[in-house]
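Below, each chain spelled out in residue letters.
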Amino acid sequence: MIFYGFNKITLLDYPEKIACTLFLAGCNMLCPYCHNSQLIEKNNFIETYKEEDILNFLEKRKSKLEGVCITGGEPLLYNDLSGFIKKIKELGFLVKLDTNGTLSEKLIKLCQEVVIDYIAMDIKTSLEKYKLLTKNNEDFTKEIKQSIDFIINSGIDHEFRTTVAPIIVEFEDLEKISQLIKGCKNYYLAKFKASEFAPKEYWRNNKNNYSLEILEKMRDFMLSKNINCKLRANY
Ligand code: SF4
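Conventions adopted
Residues numbered from 1 in each chain as written. Predicted model: local features only at pLDDT ≥ 70, side-chain atom pairs only at ≥ 80, totals over all residues. Heavy atoms only, no water. Helix = DSSP H or I, 4+ residues; strand = E, 2+ residues; numbered from the N terminus. Rg over C-alpha atoms; globule rule 2.2 N^0.38 Å. Buried < 20%, exposed > 50% of the residue type's maximum accessible area, 1.4 Å probe, protein only. Contact = heavy atoms within 4.5 Å. Areas by Shrake-Rupley, 256 points an atom, 1.4 Å probe, with all protein chains shown as cover. Near = heavy atom within 4 Å. Nonpolar A, V, L, I, M, F, W, Y, C, P; charged D, E, K, R; others polar. Patch = residues over 30% accessible without salt bridge, like charges linked within 9 Å, V, L, I, M, F, W, Y side chains within 5 Å. Salt bridge = Lys/Arg side-chain N within 4 Å of Asp/Glu carboxyl O. 1 Å grid on protein atoms, 1.4 Å probe; cavity = no way out; pocket = protein on both sides within 12 Å on 5 of 7 lines; lining within 4 Å. Points joined across faces, edges and corners; volume = space filled by probe spheres on them. Pairing = 2+ DSSP bridges. Right-handed = clockwise from strand over helix to strand, strands pointing away.

Moving on: the overall build of the chain. Each helix and strand counted, the chain has 7 helices and 10 strands in total. Taken over C-alpha atoms, the radius of gyration comes to 17 Å for the chain, in line with the 18 Å a tight globule of 235 residues would show. With the principal axes as the frame, the chain shows a C-alpha extent of 45 × 40 × 30 Å. Buried residues in the chain amount to 51% of all 235 residues. A separation threshold of at least 6 residues defines the contact pool for the chain, and within that pool the share at least 24 residues apart is 72%. For the chain, the accessible area works out to roughly 11500 Å², and carbon and sulfur atoms hold 49% of it.

Here is the structure:
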């Protein structure tokens, strides 16, 4: 496998673990605020890392790192992911997988083939508004629901998380999300942060962003729905 980004150490990406993060290129969505939009299409200007070099690095960091986070893009687009994860597990690392939840069958198959220790799934918005974040108006309703049900009932440590981007996430969307993820372990709201790489102009600056006060109201709203909701400390 070829990786399009490699963060050698992170205290943030894997809850309560010292980890590194690997980025895979390619995504089947097109979130208009995506920070990793250079990763959506395999961009020739990005430095790449070979699987063998990553495994050599991990071999030398066995005593220092606890986990490996695999993110994207969308990692589940890669059919050889389970083979790579097996090699990481043989070295003794915990594995965290980030996913947008649209490839539910692949998620379930992967978890049958290898041990995944932590899954973080994005809940972009209410199901009705997912089309705002797709490339060709795809309907991912069935897949998103299947991924959520699988994760909640899998026994795997997990979180769901929503980037609270203006227009895309409003209180009425949170109401619907609270129904979808009932029974989840952890749910995080992350403040939207503008990026110059965002595919759509509107999301390249922060002027339309929600205030911290609104975010706190959103968190309290989710708590009132019995969702274990926290604000991710990125504001
Ligand atoms: S799911 Fe959205 S935010 Fe995540 S990599 Fe794909 S386009 Fe970007």
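Right, picking up where we left off after that structure.
This part takes up the site of the ligand. What surrounds the ligand is the set C27, M29, L30, C31, C34, I40, G73, N100 and K124. The class makeup of the residues in the shell around the ligand is 6 nonpolar, 2 polar and 1 charged.

This paragraph deals with a nonpolar patch on the surface. A cluster of nonpolar side chains, L132, I167 and Y202, forms an exposed patch at the surface whose accessible area comes to about 260 Å². With respect to the helices and strands, L132 occurs in the loop between strand 7 (118-122) and helix 5 (141-154).

We now examine the layout of surface pockets. One number sums up the size of the largest pocket: a volume of about 1200 Å³. Around the largest pocket, the lining comprises 36 residues; the ones closest to its centre are N36, D98, D122, R161 and T163. Of all the secondary-structure elements, those providing two or more residues to the lining of the largest pocket are strand 3 (19-23), strand 6 (94-99), strand 8 (157-164) and strand 9 (187-191). Sorting elements by how many residues they give to the lining of the largest pocket places strand 8 first, with 4 residues. Empty space within the second largest pocket amounts to approximately 190 Å³.

The next thing to look at is the pairing of strand 7. Within strand 7, 5 of the 5 residues are buried, which leaves it mostly tucked inside the rest of the structure. Of the two faces of strand 7, the one holding Y118, A120 and D122 and the one holding I119 and M121 are both buried throughout. Pairing of strand 6 with strand 7, which is carried by 4 bridges, proceeds in the parallel orientation. Of the residues in strand 7, the one forming a bridge with D98 is A120. Each parallel crossover has a hand, and the one from strand 6 via helix 4 (residues 104-113) to strand 7 is right-handed. Bridging between strand 7 and strand 8 involves 5 bridges; their strand directions are parallel. Bridge assignment links M121 to a residue of strand 8, and that residue is F160.

Residue placement: S104 occurs in helix 4. In this structure S104 touches E143, Q146 and S147, once residues within four positions along its chain are discounted.

The buried count for strand 5 (residues 67-71) comes to 5 of 5 residues, which makes it a mostly enclosed element. Here strand 5 shows no split at all, with G67, C69 and T71 on one side and V68 and I70 on the other all buried. Where strand 3 and strand 5 come together, 5 bridges link them in parallel fashion. From the neighbouring strand, L22 faces strand 5, where its bridge partner is I70.

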